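Structural description and commentary
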Amino acid sequence: MFNNRLKIKFISFVNYIFFGIVSIGYKRKGKGTVKVAYKGEILCTWEEAGDEPYLLAKVLKQKGIKINIVVDKNRYRGGMVAIKELGSELIILDDGFQH
């Protein structure tokens, strides 16, 4: 996937910018905004988050990458929660161009 030089640059970038991932949480139970991870710590179950956001949180935590993950069908609202409540500086939209 990544060559080693690119991987090192990406990891260095992650250490300077606090990322947030926003997902719609496809097939999750519940509605509204759910904070899945805060600075790498998982805050909910996979049923509440949806399997993909939960798996992202779990894998990134194992790799030592501290990231915020929020699920919300309304991506704008989810992004605002990631920025204002969790302190994210850059938002990555999971499947951002699908809906």
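Before reading on, note that the structure itself is shown above.
Residues numbered from 1 in each chain as written. Predicted model: local features only at pLDDT ≥ 70, side-chain atom pairs only at ≥ 80, totals over all residues. Heavy atoms only, no water.

Our next topic: the side chain of Arg75. Tracing the chain through its elements places Arg75 in helix H4 (residues 75-85). Accessibility expressed as a relative area gives 14% for Arg75, which makes it buried. Within the local environment of Arg75, its side chain forms a polar contact with the backbone oxygen of Asp94, the two atoms lying 3.4 Å apart. (Helix = DSSP H or I, 4+ residues; strand = E, 2+ residues; numbered from the N terminus. Buried < 20%, exposed > 50% of the residue type's maximum accessible area, 1.4 Å probe, protein only. Polar contact = N/O pair within 3.5 Å; in protein donor to acceptor, adjacent residues only side chain to side chain.)

So, about unusual backbone geometry. Residues other than glycine seldom take positive phi values, yet Lys27 does so here, at roughly 65 degrees. Checked against the element boundaries, Lys27 lands in the loop between strand E1 (19-23) and strand E2 (34-38). Under the relative-accessibility criterion, Lys27 is labelled exposed at 71%. If you check the backbone angles, Lys39 has positive phi at about 50 degrees while not being a glycine. Looking at the element boundaries, Lys39 is found in the loop between E2 and strand E3 (41-42).

The next subject is the pattern of salt bridges. Taken as a whole and judged by the stated rule, the model has three salt bridges. In this structure, Lys61 and Glu41 form a salt bridge, with 3.3 Å as the shortest nitrogen-oxygen distance. Taken together, the residues Lys61 in helix H3 (residues 51-62) and Glu41 in strand E3 connect sequence positions 20 residues apart. Judged by relative accessible area, which is 39%, Lys61 ranks as partly exposed. Residue Glu41 is classed as partly exposed on the basis of its relative accessible area, which comes to 45%. Across the salt bridge formed by Arg77 and Asp72, the nearest N and O atoms sit 2.7 Å from each other. (Salt bridge = Lys/Arg side-chain N within 4 Å of Asp/Glu carboxyl O.)

The end-to-end C-alpha distance of H3 is 16 Å, a good match for the 16 Å that 12 residues give at a rise of 1.5 Å each. The complete set of buried residues in H3 reads Pro53, Ala57 and Leu60. Burial along H3 is one-sided: seen end-on, the buried residues are contained in an arc of 75 degrees. Structural note: H3 exposes Asp51, Leu55 and Gln62 on the side pointing more than 90 degrees away from its buried face. (Expected span 1.5 Å × (residues − 1). Arc of directions from axis to C-beta.)

A few words on H4. If you check which residues of H4 are buried, you get Arg75, Gly78, Gly79, Val81 and Ala82. Here the buried residues of H4 occupy an arc of 155 degrees about the axis, which is enough to place them on one side. Residues of H4 that are exposed and angled more than 90 degrees away from the buried face: Tyr76 and Lys84. Looking at where H4 begins, the residue whose side-chain oxygen comes 3.1 Å from the main-chain nitrogen of Tyr76 is Asn74. Trailing H4 by a residue or two, Gly87 shows a phi angle of about 80 degrees, which is positive.

Here we have five strands laid out as an open sheet, ordered E3-E2-E4-E1-E5, and mixed in their pairing. Sheet topology places E3 and strand E5 (90-93) at the edges, where each strand pairs with a single neighbour. As paired elements, E1 and E5 share four bridges and run parallel to each other. Residue pairing in the sheet places Phe19 in a bridge with Leu90 of E5. (Pairing = 2+ DSSP bridges.)

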